Amino acid sequence: MKIETCIESLVSYAMNKGLAQPEDHQVLINRLLDLLRMDDYTPSHEIQSEDLEEILAGILDYACEKGLCENNVTARDIFDTRIMGALTPMPREVIRTFREKYEQSPVEATDWYYDFSRNTDYIRRYRIAKDMRWKYPSEYGVMDITINLSKPEKDPKAIAAAKNAPQSAYPKCQLCRENEGYAGRMNHPARANHRIIPIKIGGKDWFLQYSPYVYYNEHCIVFNGEHVPMKIDRAAFEKLLDFVTLFPHYFVGSNADLPIVGGSILSHEHFQGGHYTFAMETAPIEKEISFQGFDDIQAGIVKWPMSVIRLDGKDPVRLADLAEKILNIWRGYSDPKVGIIAESDGEPHNTITPIARRRGDLYELDLVLRCNITSEEHPLGVFHPHADKHHIKKENIGLIEVMGLAVLPSRLKKELTDLAQAIVDGKDITADETLAKHAPWVEELKKEYVFSEGNALDIILQETGKVFAAVLEDAGVYKCTEEGRAAFLDFVREVNEH
């Protein structure tokens with residue numbers, strides 16, 4: 001496709017997606033000519049493609065050929081984000097439209113904003129489509145298993161360029177509001193096409209955006225306008241409940257505020273939410289419990305591999321009161337017989353991963369009890385994926401996985417396919433440097449299954465789901481055993497005695 005045709009196709013795309021109006025046509029053409037340093041231009045009057053990936057690839061190839069962009073994945077991402085930034089409306093227009101639609105309904109507002117974030121290519125639909133997704137019917141519910149491929153793998157040139165790039169403290173992190181419209185650099189993602197929505201949470205300035213990697217439908221991020229660290233306390237519960245008051249069709253949760261059991265960005269307070277039903281939400285109450293002084297709140301232990309107390313009530317203030325009490329007791333609670341140690345050498349170990357949602361006119365809080373204690377046997381964490389599962393999952397179990405959605409490393413797409421083929425071919429898996437880590441697992445599977453060309457990959461994928469369910473069992477502080485459930489009730493009694 002000629003560069004002139006690419007330019008006109010892209011402007012046509014912007015018009016069709018509502019990013020621009022017909023009156024904007026000439027200005028957008030000239031903005032693109034400026035970015036591409038084109039002094040001469042003859043309109044082709046051809047629209048050859050509506051496929052954004054194809055259009056941008058044509059523009060990027062031209063830019064690389066003319067020396068405007070290095071030909072590596074990071075540089076190309078920065079350049080095509082600049083291109084899309086030239087077509088993206090200013091924040092005032094985006095905020096105005098969002099608020100007009102919110103007046104009609106919160107659902108209408110978020111539906112529009114999610115489509116907008118995809119149409120600007122801030123959410124790269126064509127990359128998300130490459131993710132592997134399947135379901136695993138565990139004894140706790142149907143879990144989502146994903147291998148996320150939408151974060152591009154950096155090639156050696158891009159890695160070297162990022163290493164050599166000047167260090168900067170602006171923006172302070174990838175969540176800060178200063179990312180809106182930021183051009184990007186080799187060691188910080190481009191956000192020229194990024195627009196955020198201001199909202200009030202707990203009376204303070206917060207912002208709503210979507211995750212560019214979209215692990216599930218309408219995967220949003222809600223972040224504090226100030227760069228302050230994550231903290232689970234009463235205020236956090238109130239903020240979560242505030243959010244589901246504003247957006248009752250969304251759930252929202254927070255990663256824990258301690259290493260190992262927390263998220264990847266602990267330095268900036270933020271929550272994650274969205275329009276999706278996770279397996280944990282549909283998991284039933286295993287045992288009803290009650291808390292003295294809170295007869296207006298229904299409570300129960302959820303049938304889930306991690307240790308979850310569910311609270312339901314009409315008054316969010318009362319929910320926050322009880323959640324604060326449970327948190328404060330849990331922070332200082334130890335039960336050595338099941339491995340729970342509240343602190344060692346002055347370092348705290350206990351915290352909570354909280355999730356809020358609405359059920360009709362009720363507010364609901366799920367409080368997931370977490371403990372980041374380590375031991376000689378489990379140096380990465382006692383309540384963390386154990387070593388026998390590291391061939392599938394070694395990383396921390398954060399909010400999204402707590403709820404039953406596995407985010408597995410991209411390496412597994414090739415490894416699991418190759419592993420299935422190696423089993424069918426009768427190869428010695430221990431002799432393969434990449435696949436050898438899976439060998440003990442495969443030996444166990446061979447005792448259970450007869451593998452064939454037609455079923456090998458399906459078996460491997462389902463058994464990967466089974467490993468993820470077992471990973472969540474590792475991360476549960478109270479195991480789904482008679483001893484574990486008795487210890488869980490000991491903690492409930494402790495709360496009631498205070």
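Just above sits the structure.
(A) Fine view of the pattern of salt bridges. One pass over the full model with this rule turns up 35 salt bridges. Of the charged contacts in the structure, one is a salt bridge between arginine 318 and aspartate 296, with a shortest N-O distance of 3.0 Å. Here the residue arginine 318 occupies a position in helix 11 (residues 316-331), and aspartate 296 occupies one in the loop between strand 8 (285-289) and strand 9 (298-302), the gap between them amounting to 22 residues. With relative accessibility at 43%, the residue aspartate 296 sits in the partly exposed group. Here glutamate 415 and lysine 437 are joined by a salt bridge, their closest N and O atoms 3.3 Å apart. Of this pair, glutamate 415 sits in helix 13 (residues 411-425) while lysine 437 sits in the loop between helix 13 and helix 14 (439-446), placing them 22 residues apart in sequence.

(B) Broad picture of the sheet that holds strand 15 (residues 405-408). Reading across the sheet, the 3 strands line up as 1-2-15 and stay open at both edges, with mixed pairing between neighbours. The two strands at the open ends of the sheet, each matched to only one other strand, are strand 1 (132-138) and strand 15. Across the sheet, the mean angle separating the axes of adjacent strands is 20° when strand polarity is ignored. The pairing of strand 2 (residues 141-147) with strand 15 spans 4 bridges and is classified as parallel.

(C) A look at the packing of aromatic side chains. According to the stated counting rule, one finds 25 aromatic pairs in the structure shown. Summarising the aromatic geometry, the rings of tyrosine 140 and tryptophan 304 are spaced 6.4 Å apart at their centres and angled 70° between planes, so their arrangement reads as edge-to-face. Of this pair, tyrosine 140 sits in the loop between strand 1 and strand 2 while tryptophan 304 sits in the loop between strand 9 and strand 10 (308-313), and the two are 164 residues apart along the sequence. As far as the burial class goes, tyrosine 140 and tryptophan 304 line up, both buried. Both rings, one in tyrosine 216 and one in phenylalanine 278, keep their centres 5.0 Å apart while their planes meet at 75°; by these two values the pair is edge-to-face. One end of the pair, tyrosine 216, is in the loop between strand 4 (204-210) and strand 5 (220-224); the other, phenylalanine 278, is in the loop between strand 7 (270-274) and helix 10 (279-282), with 62 residues separating them in the sequence. One exposure class covers both tyrosine 216 and phenylalanine 278, and it is buried. Through a chain of ring-to-ring contacts, the aromatic side chains of Phe98, Tyr102, Tyr113, Tyr114, Tyr210, Phe243, Phe247 and Tyr250 assemble into a single cluster.

Definitions and cut-offs
- Residues numbered from 1 in each chain as written.
- Predicted model: local features only at pLDDT ≥ 70, side-chain atom pairs only at ≥ 80, totals over all residues.
- Heavy atoms only, no water.
- Salt bridge = Lys/Arg side-chain N within 4 Å of Asp/Glu carboxyl O.
- Helix = DSSP H or I, 4+ residues; strand = E, 2+ residues; numbered from the N terminus.
- Buried < 20%, exposed > 50% of the residue type's maximum accessible area, 1.4 Å probe, protein only.
- Pairing = 2+ DSSP bridges.
- Axes fitted to C-alpha atoms, helices over the stretch in contact; angles between N-to-C directions.
- Phe/Tyr/Trp six-rings, centres within 6.5 Å; stacked < 30°, edge-to-face > 60°.

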